[in-house]
Amino acid sequence: MDTTLGDNWTVAAYTVEPDRWMEVTARLFNRFTSLEEASLPHYTVRAWHPQIFTITSFRVLRRPEDEPKMVTELDEFMKSMRVASYKIDPPDDDVDFRGCHAWIRKGEEDSRWTPGRCRVLNQMSALAVKAHEEGVFDPDSRFEWANMAVNMLGVNEAVNMSQSYYYDVLTGRSMGPYKTTSL
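This is a predicted model, so every value here is computed, not measured.

What counts as what
Residues numbered from 1 in each chain as written. Predicted model: local features only at pLDDT ≥ 70, side-chain atom pairs only at ≥ 80, totals over all residues. Heavy atoms only, no water. Patch = residues over 30% accessible without salt bridge, like charges linked within 9 Å, V, L, I, M, F, W, Y side chains within 5 Å. Areas by Shrake-Rupley, 256 points an atom, 1.4 Å probe, with all protein chains shown as cover. Salt bridge = Lys/Arg side-chain N within 4 Å of Asp/Glu carboxyl O. Buried < 20%, exposed > 50% of the residue type's maximum accessible area, 1.4 Å probe, protein only. Pairing = 2+ DSSP bridges. Helix = DSSP H or I, 4+ residues; strand = E, 2+ residues; numbered from the N terminus. Axes fitted to C-alpha atoms, helices over the stretch in contact; angles between N-to-C directions. Contact = heavy atoms within 4.5 Å. Parallel < 35°, antiparallel > 145°, perpendicular 65-115°, else oblique. Left-handed = near helix turned anticlockwise from the far one by under 90°. Core = buried A, V, L, I, M, F, W, Y, C linked by side-chain atoms within 4.5 Å. Phe/Tyr/Trp six-rings, centres within 6.5 Å; stacked < 30°, edge-to-face > 60°. Lys NZ or Arg CZ within 6 Å of the ring centre and 35° of its normal.

Caption draft 1: Up close: a nonpolar patch on the surface. A surface patch of nonpolar side chains, about 380 Å² in accessible area, is lined by V136, W145, M148 and M152. Overall, M152 belongs to the exposed group, its relative accessible area being 70%.

Caption draft 2: Representation of the sheet that holds strand β3 (residues 53-61). The 4 strands are arranged β2-β3-β1-β4 in an open sheet whose pairing can be described as antiparallel. Only two strands of the sheet have a single neighbouring strand rather than two, namely β2 (39-49) and β4 (85-88). Averaged over all adjacent pairs, the angle separating strand axes in this sheet is 15°, with direction ignored. Sitting on the sheet, helix α2 (residues 67-80) touches β1 (9-16), β3 and β4, and the angle it makes with β1 is about 10°.

Caption draft 3: Seen up close, the environment of C100. Position of C100 among the secondary structure elements: in the loop between β4 and α3 (115-133). With relative accessibility at 2%, the residue C100 sits in the buried group. Residues C100 and P90, spaced 10 residues apart in sequence, show a C-alpha to C-alpha distance of 7.1 Å. Beyond its immediate stretch of four places on either side in the chain, C100 contacts V11, A13, R46, I55, S57 and P90.

Caption draft 4: How the structure looks around the packing of helix α1 (residues 18-33) against α3. Their axes nearest at 10 Å, the elements α1 and α3 cross at an angle of 125°. Classified by the interaxial angle, the pair formed by α1 and α3 is oblique. For the pair α1 and α3, the sense of crossing is left-handed. Listed contacts from α3 to M22, E23, A26, F29 and N30 of α1 are N122, S125, A126, A128, V129, H132 and E133.

Caption draft 5: Molecular detail of the nonpolar core. Residues Y14, M22, L28, F32 and F58 are the most contacted members of the largest nonpolar core, which totals 25 residues. For this core, the element with the highest residue contribution is α1, accounting for 7 residues. Beyond its immediate stretch of four places on either side in the chain, F32 contacts A38, P41, F58, V60, M70, E73 and L74. Among the nonpolar cores identified, the runner-up in size contains 7 residues, and W9, L40, W103 and C118 belong to it.

Caption draft 6: Up close: the pattern of salt bridges. Enumeration according to the criterion identifies 13 salt bridges in this entry. For R31, the salt bridge identified is with E73, shortest N-O distance 2.9 Å. Placement of the pair is R31 in helix α1 and E73 in helix α2, with a sequence separation of 42 residues. With a closest N to O distance of 2.7 Å, R63 and D66 form a salt bridge. Classification of R63 as partly exposed rests on a relative accessible area of 39%.

Caption draft 7: Structural context of the packing of aromatic side chains. Inspection of the entire model under this criterion finds 3 aromatic pairs. Where W21 meets Y43, the ring centres are 6.1 Å apart and the plane angle is 70°; that geometry is what we call edge-to-face. Note that W21 is positioned in helix α1 and Y43 in strand β2, a separation of 22 residues in sequence. As far as burial versus exposure is concerned, W21 and Y43 are alike and both buried. Members of the aromatic cluster, connected to one another through ring pairs, are W21, Y43 and F137. The residue whose ring lies beneath R59 is W113, and the NZ or CZ to ring-centre distance is 5.6 Å.

This is the structure we're talking about:
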């Protein structure tokens, strides 16, 4: 299935309390991993406010004819987990979930989202879910793994005054600064 077409993806954006975030996200990931009609589920945190809320966008690849089933599955899941605030395929101008559908919009195409790239995102999501299931999703482990991931990718990260710079140790190329924004 073509991963570069927005019409082949369904996106759900949802808000939950930080203490429930990984439980909800892990169950959602596992539910869609087990569906025959769904593939390459992955997610990312889009916004947060410490101790108040976390906004996540979850993305799943499916055939266009299976979209109604994905929407129904997402809706049933969110209700079963008592997720009060969520939207499926939120528009760009949505007040609560602005920018949560930033990968590929319906009707659009983006050659950057190759099958390999989407498989890696799926595996990264699976790793975080596995860490949660193994009981090692604590801050110390997450910080250490983030550092290891940066090192494994051959990147050196420097953070200074709310800005991050990334230095590619293989090419000698520096990227940034990337600004940290207050949400």
